[in-house]
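If you want the building blocks of each chain, they are given just below.
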Amino acid sequence: FNSRKPEATIIVAAESAVREVIGQTMARLALTEGREEIAAKISDVLQKILDHYDIGVQIINVQLQLVGPPKQVIDKFND
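The text that follows walks through the structure, step by step, so that each part is easy to find. For clarity, every value in this text was computed on a predicted model and none was experimentally measured.

Rules and cut-offs
- Residues numbered from 1 in each chain as written.
- Predicted model: local features only at pLDDT ≥ 70, side-chain atom pairs only at ≥ 80, totals over all residues.
- Heavy atoms only, no water.
- Helix = DSSP H or I, 4+ residues; strand = E, 2+ residues; numbered from the N terminus.
- Rg over C-alpha atoms; globule rule 2.2 N^0.38 Å.
- Buried < 20%, exposed > 50% of the residue type's maximum accessible area, 1.4 Å probe, protein only.
- Contact = heavy atoms within 4.5 Å.
- Salt bridge = Lys/Arg side-chain N within 4 Å of Asp/Glu carboxyl O.
- Expected span 1.5 Å × (residues − 1).
- Core = buried A, V, L, I, M, F, W, Y, C linked by side-chain atoms within 4.5 Å.

Next up on the list: the overall build of the chain. Looking only at helices and strands, the chain features 4 helices and 0 strands. Over its C-alpha trace the chain gives a radius of gyration of 15 Å, far above what one expects of a compact globule, namely 12 Å for 79 residues. The dimensions of the chain, computed from C-alpha atoms along their principal axes, are 50 × 20 × 20 Å. Expressed as a percentage of the 79 residues in the chain, the buried residues total 25%. Counted over contacts in the chain with a minimum sequence separation of 6, partners at least 24 positions apart contribute 64%.

Rendered as structure tokens:
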């Protein structure tokens, strides 16, 4: 590994990849049918980040957990 704390680096890189992809995705798509496409994009972005850091880790799969709109807007979202 080319990192003192590879686990911590992977976590930070994964969070960054998720923010980047979700930030470029329409909310309705992210909350409904776009999950597989989003996971694939996150995997690609994350792998590029880790390759840049020369961590020595290969991303095999990204699995998104169930998500929903914030409580403050759930009623409007459901309408």
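More follows now that the structure is in view.
The tally for this structure, following the rule as stated, stands at 1 salt bridge. The shortest N-O distance in the salt bridge between Glu-37 and Lys-41 comes to 3.3 Å. In this pair, Glu-37 and Lys-41 are both assigned in helix α3 (residues 35-53), 4 residues apart and thus about one turn of the helix distant. Take Lys-41: its relative accessible area is 39%, and that puts it in the partly exposed class.

This part covers α3. In this model, α3 (19 residues) spans 27 Å end to end at C-alpha, consistent with the 27 Å of a helix rising 1.5 Å per residue. Burial in α3 covers these residues: Ile-38, Ala-39, Ile-42, Ser-43, Val-45, Leu-46, Gln-47, Ile-49 and Leu-50. Just beyond α3, the residue with positive phi is Asp-54, at close to 55 degrees.

Quick look at the nonpolar core now. One finds Ala-17, Ile-42, Leu-46 and Leu-50 to be the most contacted residues of the largest nonpolar core, which totals 14 residues. Looking at this core, the elements that each hand over two or more residues are α1 (6-23) and α3. It is α3 that contributes the most residues to this core, 7 residues altogether. Sequence-distant contacts of Leu-50, that is, excluding residues within four places in its chain, are made with Ile-10, Ala-13, Ile-55, Val-57 and Ile-59.

None of this, on its own, says anything about what the molecule does.
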